[in-house]
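Observations on the three-dimensional arrangement
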Protein chains: 2
Amino acid sequence: MEKIFLALPGNEILASALAKHTAGSIGRMELRKFPDGETYVRINDDVKGTKVILVCSLDYPDEKLLPLNFLAKTAKGLGAAHTCLVAPYLAYMRQDRRFQKGEGITSTYFAAMLSQFVDSLITIDPHLHRRTSLTEIYSIPTTVIHAANKISDWIREHIDNPLLIGPDSESAQWVSSVAVNAHAPYVILAKARLDDTHVDVAVPNVEMYKDHTPVLVDDIISTARTMIETIGHLRKAGMRKPTCIGVHGIFAGNAYDDLLSAGAAEIITCNTIEHRSNRIGIDDLIAPIL
Amino acid sequence: MEKIFLALPGNEILASALAKHTAGSIGRMELRKFPDGETYVRINDDVKGTKVILVCSLDYPDEKLLPLNFLAKTAKGLGAAHTCLVAPYLAYMRQDRRFQKGEGITSTYFAAMLSQFVDSLITIDPHLHRRTSLTEIYSIPTTVIHAANKISDWIREHIDNPLLIGPDSESAQWVSSVAVNAHAPYVILAKARLDDTHVDVAVPNVEMYKDHTPVLVDDIISTARTMIETIGHLRKAGMRKPTCIGVHGIFAGNAYDDLLSAGAAEIITCNTIEHRSNRIGIDDLIAPIL
């Protein structure tokens, strides 16, 4: 089936790479706001009978949902056979139950909404947390791709004598598999989250690894507070400047600059969210599934 | 049934007025953004078995949809018997067909989304355009309230010898009914829309009404370009400074100040979108339906 990629703003590079890998084409479209804040969409290619692939990472998701819905519905209205959302970073994966009375379970609500207007979803390493699978909340077919081996490869090729440092017990299994494939040891932080932007961390047994290069790995770098705290501990312990690696680099506010200022030797992300730190390509993992 | 009003930001005054009229209460809730741009919601009142009334005018709608969905779903999840959206201004009523090949029919898509997560909708004078009823696009019960008589009353009480001026043939019926109840004559502009922000207008027979106070009326004041153009024509014709009245004052960008600078004597709106121009209350029209 002919593949037509629609790149939402900020996803043009990834969409082009995917189109190239799959011999698909980049669809021409208009997406703009009227002066009153309403969105206008128009698809300028014939999508009848095609597979329309919407490429849209879902960092800062709130303002993206309506344009996505409009484009998907427009494509189907114009006769597209299938609409697939490639959202390398998937939003609203954290609030998966009521931690406090009265809270909204936003991961469920968001998944229900997306499931209502696209036919399938592909994503990279969603933050599954207490859930075991996206099928618990998504009613459409979903495909989850893992970047772990790509990260291991990058570490093996670029870092001399690495020590992997994972953020919390929840990520231990993931960090250990990245470490095994990178032929490197790893430690897991002892961590206490104080609020949305503050965390308290300790690096166990770090003195055993003075001759190693610390590599902080996490699935999401958002405020970067955990990594910044960790760098402080590593410096006090007399360790080398660390490399910081995230699958998804959100970099809320000034997180990227703050992380460099705190003493990161280098900040590396997968190209799931377009950013100058993108150094690990995952487009070749997505392409075979399309 | 007990009524609990949840006021989305910017709708607090209207929600309070409605709660007062109906002996309901204002629900306590939290609505905030995480640093990564995701929305957090929490309802801090027991809504079990109640009617939860979400008060949210839909000017600049794109960023409001997700919080609205989350609050409605949370309320239902906590046992609310019914969720009603009071959206005095309803968005996405203009694009009701493909004017050009490939365009999205956003009024249909938006209505389908809203219909999926609230149980009923109340709005004031939606811009129906080519549609005859909201039921063509909304699958939930909807109630449409008209502000015309309120506007007539205001004109009768405040304007000496008014001449109503309506923006286009589409609004002629509405303007004529406002005029009849205001005991005033009216004219309809000859108007050509050049693009999103530019219009060309002419005021027919205006020289017959030199001793009248022009009152420009429209359902929506968005960029205010039509009114500004019209004022230019009125001034050239030697007419008095006009009063400008809109049901819904969106005032995109600097529209409010531009309209004053252009020579509006006064700008008056209904309280459908909170603004300093609100002078005509419609809350007492909504209350009996809740």
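Worth saying up front: this structure is predicted, and the values here are computed from it rather than measured.

**Some details on the domain arrangement of chain A**
Residue and element names in this part refer to chain A. Segmenting chain A into domains produces domain 1 (3-146 + 283-289) and domain 2 (148-271). Every contact between the two is made by 13 residues of domain 1 and, on the other side, 13 residues of domain 2. Roughly 1100 Å² of surface becomes buried between domain 1 and domain 2 when both sides are summed, with 51% attributable to carbon and sulfur atoms. Where domain 1 meets domain 2, there are one salt bridge. The residue Asp284 makes a salt bridge to Lys150 at a minimum N-O spacing of 2.8 Å.

**Some thoughts on the interface of chain A and chain B**
Across the boundary between the two partners, chain A contributes 47 residues, which contact 47 residues of chain B. Where chain A abuts chain B, roughly 4200 Å² becomes buried across the two surfaces, and 52% of that area is made up of carbon and sulfur atoms. Per-residue buried area on chain A facing chain B is highest for Asp36(A), Glu38(A) and Asp62(A); these three make up 15% of the total on that side. Where chain A touches chain B, the interface holds four salt bridges.

**Things to note about the packing of helix α6 (residues 225-236) of chain A against helix α7 (residues 255-262) of chain A**
Residues and elements named next belong to chain A. At a closest axis distance of 9 Å, the pairing of α6 and α7 adopts a crossing angle of 5 degrees. By the angle class used here, α6 and α7 are roughly parallel. From α6, Arg225, Met227, Ile228, Ile231 and Arg235 reach across to α7, where they touch Asp258, Leu259 and Ala262. Among the residues making up the contact of α6 with α7, the classes are represented as five nonpolar, no polar and three charged.

**Here's the deal with the packing of aromatic side chains**
Two numbers describe a pair of aromatic rings. These are the distance of the centres and the angle of the planes. Within the structure shown, the criterion is met by 10 aromatic pairs over all chains. With centroids separated by 5.0 Å and ring planes inclined at 80 degrees, the aromatic side chains of Phe70(A) and Tyr92(B) adopt a geometry described as edge-to-face. Of this pair, Phe70(A) sits in helix α2 (residues 65-77) while Tyr92(B) is found in the loop between β6 (82-86) and α3 (106-117), placing the two residues in two different chains. By the ring-pair criterion, three or more aromatic residues cluster together here, those being Phe70(A), Tyr92(B), Tyr109(B) and Phe110(B). Its end group placed over the ring of Phe34(A), Arg94(B) keeps NZ or CZ at 4.6 Å from the ring centre.

**Looking at the environment of Ala17(A)**
By the element assignment, Ala17(A) lies in helix α1 (residues 12-22). C-alpha separation for the pair Ala17(A) and Gly238(A), spaced 221 residues apart in sequence, amounts to 42 Å.

**Topic: the pattern of salt bridges**
Pairs can form between side chains of opposite charge whenever their charged atoms are close. All names here are of chain A. In the structure shown here, the tally under the stated rule is 20 salt bridges over all chains. Among the salt bridges present, the one from Asp59 reaches Lys64, with a minimum N-O distance of 3.0 Å. With a relative accessible area of 12%, Asp59 lands in the buried category. Overall, Lys64 belongs to the buried group, its relative accessible area being 18%.

**Here we look at the sheet that holds strand β5 (residues 51-55) of chain A**
Residue and element names in this part refer to chain A. Pairing in this open sheet of six strands is parallel, and the strands run β2-β1-β5-β6-β7-β8 from one edge to the other. Of all the strands in the sheet, the pair left with one neighbour each is β2 (25-26) and β8 (142-145). Of the strand pairs in this sheet, strand β1 (residues 3-7) and β5 are connected by five bridges, and their pairing is parallel. Residue pairing for β5: Ala7 is matched across the bridge by Val55. Packing of α1 onto the sheet brings it into contact with β1, β2, β5 and β6 (82-86), and relative to β1 it is tilted by some 170 degrees.

**Regarding unusual backbone geometry**
With a phi angle near 55 degrees, His183(A) is a residue other than glycine that sits in the positive phi range. As for its position among the elements, His183(A) is in the loop between α5 (172-181) and β10 (186-188). Note on His183(A): relative accessible area 63%, which makes it exposed. Its identity is not glycine, yet Asp125(B) carries a phi of approximately 35 degrees, on the positive side. Locating Asp125(B) in the fold gives a position in the loop between β7 (120-124) and β8 (142-145).

**Focus: the relation of the copies chain A and chain B**
With an RMSD of 0.0 Å, the fit of chain A onto chain B corresponds to turning through 180 degrees and sliding 0.0 Å along the axis. One copy is carried onto the other by what is essentially a two-fold rotation axis. When each C-alpha of chain A is compared by its distance to the rotation axis, Glu63(A) comes out closest, at 2.6 Å. A share of 100% of interface residues in chain A that are also interface residues in chain B marks the association as one of identical surfaces.

Definitions and limits used
- Numbering of residues starts from 1 in every chain and runs along the sequence as written.
- Working convention: letters from A go to chains and numbers from 1 go to ligands, in the order in which they are written.
- In view of the model being predicted, local features appear only for residues whose pLDDT reaches at least 70, and side-chain atom pairs are presented and counted only at 80 or more, with totals across whole chains, interfaces and linings using the full set of residues.
- Hydrogen atoms and water are omitted, and side-chain values are computed over all heavy atoms in the structure.
- Note: domain ranges come from an automatic or database domain assignment.
- By definition in these notes, contact holds between two residues if any of their heavy atoms fall within 4.5 Å.
- Buried area, as used here, totals the accessible surface that two parts lose on assembly, with accessibility defined by a 1.4 Å probe and the loss added over both.
- One side-chain nitrogen of Lys or Arg within 4 Å of one carboxyl oxygen of Asp or Glu is enough to make a salt bridge.
- Here an axis means a line fitted to C-alpha atoms, over the contact stretch when the element is a helix, while the angle between two N-to-C directions is reported on a 0 to 180 degree scale.
- Helix numbering and strand numbering both begin at the N terminus, where a helix is a DSSP run of H or I of at least 4 residues and a strand a DSSP run of E of at least 2.
- Any angle from 65 to 115 degrees is called roughly perpendicular, while one under 35 is roughly parallel, one over 145 is roughly antiparallel, and all others are oblique.
- For this classification, Asp, Glu, Lys and Arg are treated as charged, while Ala, Val, Leu, Ile, Met, Phe, Trp, Tyr, Cys and Pro are nonpolar and the rest, including Gly, are polar.
- Between the rings of Phe, Tyr and Trp (Trp by its six-membered ring), a pair exists once the centres lie within 6.5 Å; its type follows the angle of the planes, with under 30 degrees stacked, over 60 edge-to-face, and the other angles tilted.
- Only when the NZ atom of a Lys or the CZ atom of an Arg is both within 6 Å of the ring centre and within 35 degrees of the ring normal do we say a charge sits over the ring.
- The rule is simple: take the accessible area with a 1.4 Å probe, protein chains only, and divide by the maximum for that residue type; under 20% is buried, over 50% is exposed, in between is partly exposed.
- When DSSP finds two or more bridges between two strands, those strands count as paired.
- The least-squares superposition of copies is restricted to C-alpha atoms, and to residues with a pLDDT of at least 70 in both copies.

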